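This is what each chain is made of:
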Amino acid sequence: MLPTTDERPERASLEQPAEVCIRTAVIADVPLLTAIINEYAANGIMLPRSQHQVYQALRDFAVAQVDGEVIGCGALHIVWADLAEVRSLAVRKEWTGCGVGRRLVEHLLDEARSLGLPQVFALTYQDAFFHRMGFEVVPHERLPHKIWGDCLNCPKYPNCDEIAMMLDLTPADQESQR
């Protein structure tokens, strides 16, 4: 369970910003990751995740922490040989607007590049955030492996109202050599 507003720690002052550390998720993180994700899901902002789902995908997750406290998470889920999804991106409300989500996505994109993935996508309601990260809106039909893999089990299928966004990770000079 997330702390109530009265229990939340004071965020570091702007004069001395807290150091955000991004690391790989561990088993002990699962209950808090699920709580952070499901707080947004309860408001219809993202899909819910059970602890079982998070345990199964734990190796996909990165967490943001400050002074040992987990303040956000995100996952890079490989969909196919040429495609991965940024999913379950969530930051505790008192840390939104502080660059934590950006840092998580940058970490996940670095991981995608190191794996040799040429493209990453996200299904989101936060299109302005992903646009600032370089993603472009694409039709859902550009994601056939996602649709036939995960979407069939989604409660929103076939009426998905999330915005599909894609980022090409292939450097321009490599693209011109193809």
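Note that the structure is a prediction, hence the values are computed from the model and not measured. (Residues numbered from 1 in each chain as written. Predicted model: local features only at pLDDT ≥ 70, side-chain atom pairs only at ≥ 80, totals over all residues. Heavy atoms only, no water.)

Moving on, we get to the pattern of salt bridges. Taken as a whole and assessed by the stated rule, the structure comprises six salt bridges. For the salt bridge of R92 with E94, the shortest nitrogen-to-oxygen distance reads 2.8 Å. Accessibility classification places R92 together with E94 in one group, the buried group. With its nearest N and O atoms 3.1 Å apart, the salt bridge here joins R102 to E106. Highlighted residues: R102 and E106, both in helix α3 (residues 100-115), separated by four residues, approximately one helical turn. Taking relative accessible area as the criterion, R102 reaches 37% and is therefore assigned partly exposed. When salt bridges with common partners are traced through the structure, they connect E69, R92 and E94 into a single cluster. (Salt bridge = Lys/Arg side-chain N within 4 Å of Asp/Glu carboxyl O. Buried < 20%, exposed > 50% of the residue type's maximum accessible area, 1.4 Å probe, protein only. Helix = DSSP H or I, 4+ residues; strand = E, 2+ residues; numbered from the N terminus.)

Another point: the environment of V54. Within the element layout of this structure, V54 appears in helix α2 (residues 51-56). For the pair V54 and A75, spaced 21 residues apart in sequence, the C-alpha to C-alpha distance is 9.7 Å. If sequence neighbours within four positions are ignored, V54 has contacts with V30, L33, T34, R49 and F61. (Contact = heavy atoms within 4.5 Å.)

Moving on, we get to the pairing of strand β4 (residues 83-91). Among the nine residues in β4, nine count as buried, and that is most of the element. As paired elements, strand β3 (residues 69-80) and β4 share seven bridges and run antiparallel to each other. Bridge pairing in β4 places I78 opposite A84. Between β3 and β4, which pair antiparallel and follow one another directly, the connecting turn spans two residues. Bridging between β4 and strand β5 (residues 119-124) involves two bridges; their strand directions are parallel. Bridge assignment links A84 to a residue of β5, and that residue is V120. (Pairing = 2+ DSSP bridges.)

Once that is clear, we can look at unusual backbone geometry. A positive phi angle, close to 50°, is found at D67, a residue other than glycine. On the accessibility criterion, D67 (76% relative accessible area) is exposed. Backbone geometry at S88 places phi at a positive 55°, although glycine is not the residue there. Look at S88 and you get buried, because its relative accessible area is 7%.

Once that is clear, we can look at the side chain of D60. As for its placement among the helices and strands, D60 is situated in the loop between α2 and β2 (61-66). One buried charged residue, D60, remains without a salt bridge, the closest side chain of opposite sign being R87 at 5.0 Å. One polar contact links D60 to H77, side chain to side chain, over a distance of 3.1 Å. When residues no more than four places from it in sequence are discounted, the contact partners of D60 are G74, A75, L76, H77 and L108. (Lys, Arg positive; Asp, Glu negative; His and termini not counted. Polar contact = N/O pair within 3.5 Å; in protein donor to acceptor, adjacent residues only side chain to side chain.)

Looking now at the side chain of D29. Along the chain, D29 turns up in the loop between β1 (21-24) and α1 (30-42). A polar atom in the side chain of D29 sits 2.8 Å from the side chain of R23. In contact with D29, not counting residues within four places along its chain, are R23, T24, V63 and V70.

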